[in-house]
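Coordinate inspection notes
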Amino acid sequence: MTQFLQATVAGLSLASIYMLLALGFVVIYKSMQVLTFAHPAVMLFGAYMVSYLAIDLELGFWVALAGGMIATAVLSWIAERVAIRPMVGKPLFAIAILTLGLDIAIRTPINNLIGVNIRSVGDPWGFGTWNVGGVIIQHRAVAMIVTATIVGTLLFVFFRFTRVGLAMRATAADQEVALAQGISVGRIFSLAWIMAGAMAALAGTFASSDLSGLTQSTYLVALKALPAIVVGGLDSIGGAVVGALVIGLAEAYTATYQGQYAAFLGGNFSQVIPYVVLLVVLLIRPYGLFGTEEVERV
Amino acid sequence: MLEVANLEVVYHDVILVLRGLSFSVPDGKIVALLGANGAGKTTVLRAISGLLDVHEGDITKGEVRVDGEPIHKLRPASIVDRGVTQVMEGRRIFAQFTVDENLRVGAHTHFSDLEKNLDRVYELFPILKERRKRTAGYLSGGEQQMLAMGRGLMSNPRYLLLDEPSLGLAPLLVQQIRDLIVEINRQGTSILLVEQNATMALSIAEHGYIMETGKIVMDKPATDLMKDEDVQEFYLGLHAGGRKSFRDVKHYKRRKRWLS
Ligand SMILES: Nc1ncnc2c1ncn2[C@@H]1O[C@H](COP(=O)(O)OP(=O)(O)OP(=O)(O)O)[C@@H](O)[C@H]1O
Ligand SMILES: [Mg+2]
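The present account deals with the structure reproduced in this document. These numbers come from a predicted model, not from an experiment. (Residues numbered from 1 in each chain as written. Chains lettered and ligands numbered in written order. Predicted model: local features only at pLDDT ≥ 70, side-chain atom pairs only at ≥ 80, totals over all residues. Heavy atoms only, no water.)

Examining the interface of chain B and chain A
Rule in force here: Contacts are assigned to residue pairs with any non-hydrogen atoms lying within 4.5 Å of each other. For any pair of parts, buried area is found by adding up, for both, the accessible area (1.4 Å probe) each one loses once the two are put together. Each salt bridge in this description consists of a side-chain nitrogen of Lys or Arg and a carboxyl oxygen of Asp or Glu lying within 4 Å of one another. Every helix listed is a DSSP run of H or I at least four residues long, and every strand listed is a run of E at least two residues long, numbered separately from the N terminus. Polarity classes work like this: nonpolar for Ala, Val, Leu, Ile, Met, Phe, Trp, Tyr, Cys and Pro, charged for Asp, Glu, Lys and Arg, and polar for all others, with Gly in that last group.
Listed per partner, the contact involves 21 residues of chain B and 17 residues of chain A. Across the chain B/chain A interface, buried area totals approximately 1,900 Å², and carbon plus sulfur atoms make up 64% of it. Taking the shortest distance from any N to any O, the salt bridge between arginine 92 of chain B and glutamate 176 of chain A comes out at 3.0 Å. Only helix H2 (76-81), strand S6 (84-87) and helix H3 (99-106) of chain B provide two or more residues apiece to the side of chain B that touches chain A. Counting residues per element, the side of chain B that touches chain A draws most heavily on H3 of chain B, which supplies four residues. Split into classes, the residues belonging to the side of chain B that touches chain A amount to 10 nonpolar, six polar and five charged.

Rendered as structure tokens:
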């Protein structure tokens, strides 16, 4: 039981990171039907900025976190205005390829800056833990789960009740009608990328706050958010949350139990499990668990 | 006054759809714009509300003016801000949203007056108030049309452009929609009513324009249009005696494009 709870806490921590990334993917996809493969690089940029501000400039973690999120939001916004906006209306495939190019363009200089060392983001959680009835809970895990829950709740309120949130949903539903209501669809596009950028920086910071720190391969974490959104359905906010939970928990349980029960699969099989889950879900429900069956293009 | 002057519109850089078309909607009036399928009625509305871009269309000549000020270079959001709102053909409500949310989206440019305009719309369309928490996609066709019109009113427009509001509705509902248009107009909103149902449109309009292949071919007070034999024949479906051929219509000039 202790082992199970331990694995659950680990799974929820992972899910928090995937969720912050998946929500960004979905917000962008919903507003402009663009699937961005630049997100992992944007996350890496965010983590690096936080690390740079916190460690190199010694600004303190919270200031660094805020600064990193803002810088990443700006980067994401520029990417949208310069690279993506002129391509609106072009084939989805062409835009997807373009975002792959963006990914490389952002990641290459950041990788050079990170170098081969392990960087810290200067987070205050360190390796602190609580022992709750034998279950070891990292301070970091609590911070991540609480933050992800707050961000998820804020987004829910934003989309449901605010003027701009409604405008974003309206744009996702029917761009022409949104324009006819006086919504500046271009601003909605920008806002989507800004929100996604800020959330990616947060995710990158969390991903870099564990033992392994920030390295060039922190990037791989963001790749696993992709199965999470496909599992949940590309255009569903709720789906992104559920998808992140499914992938995060599956990964943690596999890491915990696979050695005992399925050792023949080899070490580190948990790294593959997100893609296995993805495959299984897509075989049963091609639009993901919560996706709209016909995702219409405008 | 909302004016369209000498408007020329081209789709995809090559397809000329409006060929120098002019008309006006005076304040406080209902003006009908009639024409057969493909005449270019919807294109006129798109040109006014700035939605041509979405369809790869461009205004190549002419102007759209509100009180003499050109608005045809503005973006849709600014045009709504100037008091011109279009209710699109086919209702186009947000099917997944609730009735209330649809109306709130309509209030995007006038959010500070949300409550006031919401009250007004719910008073005009009590059925929508009853259904305010329902998913809009499950409303009946007539209710959806009311919702589309209500959503348009949420920006408190001076000019409401209605694209075929009677489309696909049963006669009784057409009556109801007609009465609602009259009431909206009575409350001070000028209306440009695009219709194929000429009987309905002319029964409430002050003035009517008839367009064919991108031009205005007739322009008279609505009561005169109702009495016009050719209009009766081609748009009202009332004609006495044998079937007339189009060629026999003298003053109803059809432009022979292959000659020009
Ligand atoms: N996006 C577009 N690209 C090319 N041609 C178009 C486009 N939209 C409309 N057209 C053409 O322009 C002409 C006028 O179309 P429009 O929709 O304005 O007519 P309408 O009078 O509203 O017709 P209806 O009564 O059927 O709604 C038609 O010949 C149509 O094929
Ligand atoms: Mg039309």
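Overview of empty space enclosed by the protein
Residue and element names in this part refer to chain A. Selection criterion: The distinction between a cavity and a pocket rests on a 1 Å grid over the protein atoms alone: a 1.4 Å probe fits inside a cavity but cannot get out, while a pocket stays open yet meets protein on both sides within 12 Å along at least five of seven lines, and a residue with an atom within 4 Å of a point counts as lining. Grid points are joined across faces, edges and corners, and a volume is the space filled by probe spheres set on the points.
Applying the stated criterion to the full structure yields three cavities of 30 Å³ or more. Looking at the largest cavity, its volume works out to about 50 Å³. Along its surface, the largest cavity is lined by Val27, Lys30, Ser31, Phe159, Met168, Arg169 and Ala172. Sorting the residues of the lining of the largest cavity by element identifies helix H1 (2-32) and helix H6 (163-173) as the ones contributing at least two each.

Here we look at the site of ligand 1
Residue and element names in this part refer to chain B. Where we set the bar: Nearness is judged by heavy atoms alone; a residue qualifies as near a molecule or strand once a single heavy atom is within 4 Å of it. Two N or O atoms form a polar contact when they lie within 3.5 Å of each other; inside protein one atom must be a possible hydrogen donor and the other a possible acceptor, and for residues adjacent in sequence the pair counts only when both atoms belong to side chains. What sets the accessible areas is the Shrake-Rupley method with a 1.4 Å probe; for residues, cover comes only from the shown protein chains.
Surrounding ligand 1, one finds 17 residues, the nearest of these being Asn37, Gly38, Lys41, Thr42 and Thr43. One nitrogen or oxygen atom from the side chain of threonine 43 is found 2.5 Å from an oxygen atom belonging to ligand 1. At 3.5 Å from a nitrogen atom of ligand 1 is found a side-chain nitrogen or oxygen belonging to arginine 46. For ligand 1, the protein covers 71% of the area, taking 630 Å² as the surface of the free molecule. Per-element tally for the shell around ligand 1: the top contributor is helix H1 (residues 41-49), with four residues.

Quick notes on the coordination of the magnesium ion (ligand 2)
Residues and elements named next belong to chain B. Note the cut-off: Distances decide who is a donor: an N, O or S atom must be within 2.8 Å of the metal, or within 3.2 Å for Na, K and Ca. Water is not included, so sites may look incomplete. For every residue, the accessible area obtained with a 1.4 Å probe (protein chains only) is divided by the maximum for its type, and the residue is called buried under 20%, exposed over 50%, and partly exposed between those limits.
In the first shell of the magnesium ion (ligand 2), the protein supplies Thr42 (OG1) and Glu89 (OE), at 1.8 to 2.4 Å from the metal. One end of the pair, threonine 42, is in helix H1; the other, glutamate 89, is in the loop between S6 and H3, with 47 residues separating them in the sequence. Threonine 42 sits in the buried class, given a relative accessible area of 18%. For glutamate 89, a relative accessible area of 32% corresponds to the partly exposed category.

Topic: the sheet that holds strand S4 (residues 57-66) of chain B
Residues and elements named next belong to chain B. To keep things clear, this is the line we draw: Should DSSP find at least two bridges between two strands, the strands are taken to pair. For helices, the fitted axis covers only the stretch in contact; all axes are lines through C-alpha atoms, and the angles between them, taken along N-to-C directions, range from 0 to 180 degrees.
The strand order across the open sheet built from four strands is S2-S1-S4-S5, with neighbouring strands paired in antiparallel fashion. The open sheet is flanked by strand S2 (15-25) and strand S5 (69-70), the only strands paired with a single partner. Against the sheet, H1 contacts strand S1 (2-11), S2 and S4, and its axis sits at roughly 110 degrees relative to S1.

Regarding the environment of alanine 66 of chain A
All names here are of chain A. With respect to the helices, strands and loops of the structure, alanine 66 is situated in helix H3 (residues 61-84). Take alanine 66: its relative accessible area is 39%, and that puts it in the partly exposed class. As a C-alpha pair, alanine 66 and alanine 207 span 141 residues in sequence and 16 Å in three-dimensional space.

So, helix H7 (residues 171-186) of chain B
Residue and element names in this part refer to chain B. Using the following cut-off: Here the expected span of a helix is defined as 1.5 Å times the quantity of residues minus one. Here the arc refers to the set of directions running from the helix axis out to each C-beta atom.
Between its terminal C-alpha atoms H7 stretches 23 Å, which fits the 22 Å expected from 16 residues at 1.5 Å a residue. Taken together, the buried positions of H7 are occupied by Val174, Ile177, Leu180, Ile181, Ile184 and Asn185. Projected onto a plane normal to the axis of H7, the buried residues spread over an arc of 135 degrees and lie on a single side. Set apart from the buried face of H7 by more than 90 degrees, the exposed residues are Pro171, Leu172 and Arg186. Elements that come into contact with the buried residues of H7 comprise strand S3 (30-35), helix H4 (114-124), helix H6 (141-153), strand S7 (159-163), strand S8 (190-195) and helix H8 (198-204). The positive-phi residue at the C-terminal boundary of H7 is glycine 188, with phi of around 115 degrees.

Points about the pairing of S4 of chain B
Residue and element names in this part refer to chain B. In the sheet, S1 pairs with S4 via eight bridges, with the strands oriented antiparallel. The partner of leucine 2 across the bridge, within S4, is valine 66. Where S4 and S5 come together, two bridges link them in antiparallel fashion. In the strand pairing of S5, arginine 65 is matched with proline 70. Where S4 hands over to S5, the hairpin turn is made up of two residues, of which aspartate 67 adopts a positive phi near 50 degrees.

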